[in-house]
Amino acid sequence: MLQHFVAPDQIVGVDIDRHHLSIAQKFFGVREANLICADARQFVAELAASNSESFDLIVDDLFGHCDGVAERAITADLRWSRQLLKLLAPDGLVVSNFGSRQELLESGWRAPAMRAHMVSAYSADLPGYENSIGIFSRGPLCRSVLADGAPAQINPSNPSRRLDARLRKLR
């Protein structure tokens, strides 16, 4: 979907399960991406320690299943949030999926130490769904910029959108 809506110069995808990477290619049309089979925790830690690369967009959507219930594979604690922030370009965005709004609000992204580095923070929620998406930026980001840049299928100003996401500023 990123390739379709954003057309980035480069995509790096990390998953511990090689099967998930092949599904991304086969069923989701991921092409010309650097797909890496690795533990994301270790990959992010090593990349953050090397200071060798930064990203304009980081999508943190690491989920697994426990007893048939989806849950984050890596807790979004202060350490994880700091490592992702270290990989973020100055004007970049981190988009992070949480199992619930409460999980987002209790995450490392909302800790005072992280909030001091984040100028903008929003949540996106869909009525009828438990999960909540956190959107974090070091730079100023207003709701209209997020909404205007959204694909037509989820754009709040598009009356024929397929998803009715609620976008709220986190305070």
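The following refers to the structure shown. Not measured: the values here are computed from a predicted model.

A few words on the overall build of the protein chain. Assigned secondary structure in the protein chain consists of seven helices and nine strands. The C-alpha atoms of the protein chain give a radius of gyration of 16 Å, which matches the 16 Å a tight globule of 171 residues would have. Overall, the C-alpha framework of the protein chain stretches about 40 × 40 × 40 Å when taken along its three principal axes. Buried positions account for 34% of the 171 residues belonging to the protein chain. A sequence separation of at least 24 residues applies to 60% of the contacts in the protein chain between residues at least 6 apart. Total accessible area on the protein chain is roughly 10600 Å²; 53% of this is exposed by carbon and sulfur atoms. Mean positive and mean negative side-chain charge positions of the protein chain (19 and 20 charges, respectively) differ by 6 Å.

The next point concerns the packing of aromatic side chains. Scanning the entire structure with this criterion turns up one aromatic pair. For the ring pair Trp109 and Phe136, a centre distance of 4.7 Å and an interplane angle of 10° mean the geometry is stacked. Highlighted residues: Trp109 in the loop between helix H5 (101-105) and helix H6 (112-115) and Phe136 in strand E8 (residues 132-137), separated in sequence by 27 residues. The exposure classification of Trp109 matches that of Phe136, with both residues buried. One residue, Arg72, lies across the ring of Phe98, its end atom 5.1 Å from the ring centre.

Now for the pattern of salt bridges. Taken as a whole and assessed by the stated rule, the structure comprises three salt bridges. Close ionic contact of Asp60 with Arg72 constitutes a salt bridge, the shortest N to O distance being 2.8 Å. Within this pair, whereas Asp60 is found in strand E3 (residues 55-60), its partner Arg72 is found in strand E5 (residues 69-72), the two being separated by twelve residues in sequence. A salt bridge links Arg168 to Asp125; its shortest N-O distance comes to 3.2 Å.

Axis angle and axis distance: for two packed helices, these are the angle between their axes and the distance between the axes, and together they describe the pair. Relative orientation of the contacting elements helix H3 (residues 40-50) and helix H4 (residues 78-87) amounts to 50°, with a least axis distance of 9 Å. One element, H3, and the other, H4, form an angle in the oblique class. The chirality of how H3 crosses H4 is left-handed. Residue-level inspection shows Ala40, Arg41, Val44, Ala45, Leu47, Ala48 and Ala49 of H3 in contact with H4, the latter providing Trp80, Gln83, Leu84, Lys86 and Leu87. Residues belonging to the contact of H3 with H4 are distributed by class as follows: nine nonpolar, one polar and two charged.

This brings us to the environment of Met118. Here Met118 lies in the loop between H6 and strand E7 (120-125). Look at Met118 and you get buried, because its relative accessible area is 10%. Sequence separation between Met118 and Arg143 is 25 residues; the distance between their C-alpha atoms is 15 Å. Not counting the four nearest positions on each side in its chain, Met118 is found in contact with Leu85, Trp109, Phe136, Ser137 and Arg138.

Cut-offs applied
- Residues numbered from 1 in each chain as written.
- Predicted model: local features only at pLDDT ≥ 70, side-chain atom pairs only at ≥ 80, totals over all residues.
- Heavy atoms only, no water.
- Helix = DSSP H or I, 4+ residues; strand = E, 2+ residues; numbered from the N terminus.
- Rg over C-alpha atoms; globule rule 2.2 N^0.38 Å.
- Buried < 20%, exposed > 50% of the residue type's maximum accessible area, 1.4 Å probe, protein only.
- Contact = heavy atoms within 4.5 Å.
- Areas by Shrake-Rupley, 256 points an atom, 1.4 Å probe, with all protein chains shown as cover.
- Lys, Arg positive; Asp, Glu negative; His and termini not counted.
- Charge placed at Lys NZ, Arg CZ, Asp CG, Glu CD.
- Phe/Tyr/Trp six-rings, centres within 6.5 Å; stacked < 30°, edge-to-face > 60°.
- Lys NZ or Arg CZ within 6 Å of the ring centre and 35° of its normal.
- Salt bridge = Lys/Arg side-chain N within 4 Å of Asp/Glu carboxyl O.
- Axes fitted to C-alpha atoms, helices over the stretch in contact; angles between N-to-C directions.
- Parallel < 35°, antiparallel > 145°, perpendicular 65-115°, else oblique.
- Left-handed = near helix turned anticlockwise from the far one by under 90°.
- Nonpolar A, V, L, I, M, F, W, Y, C, P; charged D, E, K, R; others polar.

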